[in-house]
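# Working through the structure, step by step
Okay, here's what each chain looks like letter by letter:
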Amino acid sequence: MSQPSLTTGRTAPTTPALDRMAVVHYNPLLHLTTETTLDRVKAGDTVTATVTLTSIRQTAGGRASGIVTALADQRSAIVTFSADTNRRLARILTTGNRLIVRGKVAIVNGQRVLDVRNGVAVTV
């Protein structure tokens, strides 16, 4: 005969969500800047985040993708770089660098990612 579980509450997911990173969203219609998370911004909107580049890898056609961790809340997100952006930012796209990135929210395979259009290295 089985005993009822003594576990209460919910368990943590086994894989971390990679779309809840802190970002700053600018709404041009309202002329309002809002601090929010990536999962609350609709696809196609532009956001900015201060991040640490956790990992990066080169992909086909000169593009790159990687994982960044926000300095604000230590949550992560997937980022992609077009070939042009990857070429322009090549000298600062090194694991461990702190960056301010700006890009559009995109949905790839059901996952929200940040498609980076520009970035600068920062010392924090």
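Residues numbered from 1 in each chain as written. Predicted model: local features only at pLDDT ≥ 70, side-chain atom pairs only at ≥ 80, totals over all residues. Heavy atoms only, no water.

Of the pairings in the sheet, the one linking strand β4 (residues 64-70) to strand β5 (residues 76-81) comprises six bridges and is antiparallel in character. Residue S65 lies in a different strand from β5, and its bridge partner there is T80. In this structure, β5 lies alongside strand β7 (residues 111-121), joined through four bridges in parallel fashion. Bridged to I78 within β7 is V113. (Pairing = 2+ DSSP bridges. Helix = DSSP H or I, 4+ residues; strand = E, 2+ residues; numbered from the N terminus.)

With that settled, the discussion passes to the pattern of salt bridges. Tallying each qualifying case throughout the model produces four salt bridges. Where R87 meets D84, a salt bridge forms, and the shortest distance between an N and an O atom there is 3.1 Å. Pair noted here: R87 and D84 are both in helix α1 (residues 83-88), with a separation of three residues, about one helical turn. By relative accessible area, which is 39% here, D84 ends up partly exposed. One continuous salt-bridge network, built from bridges that share partners, spans D84, R87 and R88. (Salt bridge = Lys/Arg side-chain N within 4 Å of Asp/Glu carboxyl O. Buried < 20%, exposed > 50% of the residue type's maximum accessible area, 1.4 Å probe, protein only.)

Considering the arrangement of structural elements, one finds N86 in helix α1. Taking C-alpha positions, N86 is 7.3 Å from G62, a pair spaced 24 residues apart along the chain. If sequence neighbours within four positions are ignored, N86 has contacts with Q58, G62, R63, A64, F81 and L93. (Contact = heavy atoms within 4.5 Å.)

What follows is about the environment of R75. One can find R75 in the loop between β4 and β5. Taking the C-alpha atoms as reference, R75 lies 9.7 Å from T37; in sequence the two are 38 residues apart. In this structure R75 touches R20, M21, V68, T69 and A70, once residues within four positions along its chain are discounted.

This brings us to the side chain of T69. Its location among the elements puts T69 in strand β4. By relative accessible area, which is 15% here, T69 ends up buried. A polar contact of 2.9 Å, which involves the side chain of T69, links it to the side chain of T54. Residue contacts for T69: discarding those within four places in its chain leaves T50, V51, T52, T54, Q74, R75 and S76. (Polar contact = N/O pair within 3.5 Å; in protein donor to acceptor, adjacent residues only side chain to side chain.)

Everything listed here is a matter of geometry and, on its own, says nothing about what the molecule does.
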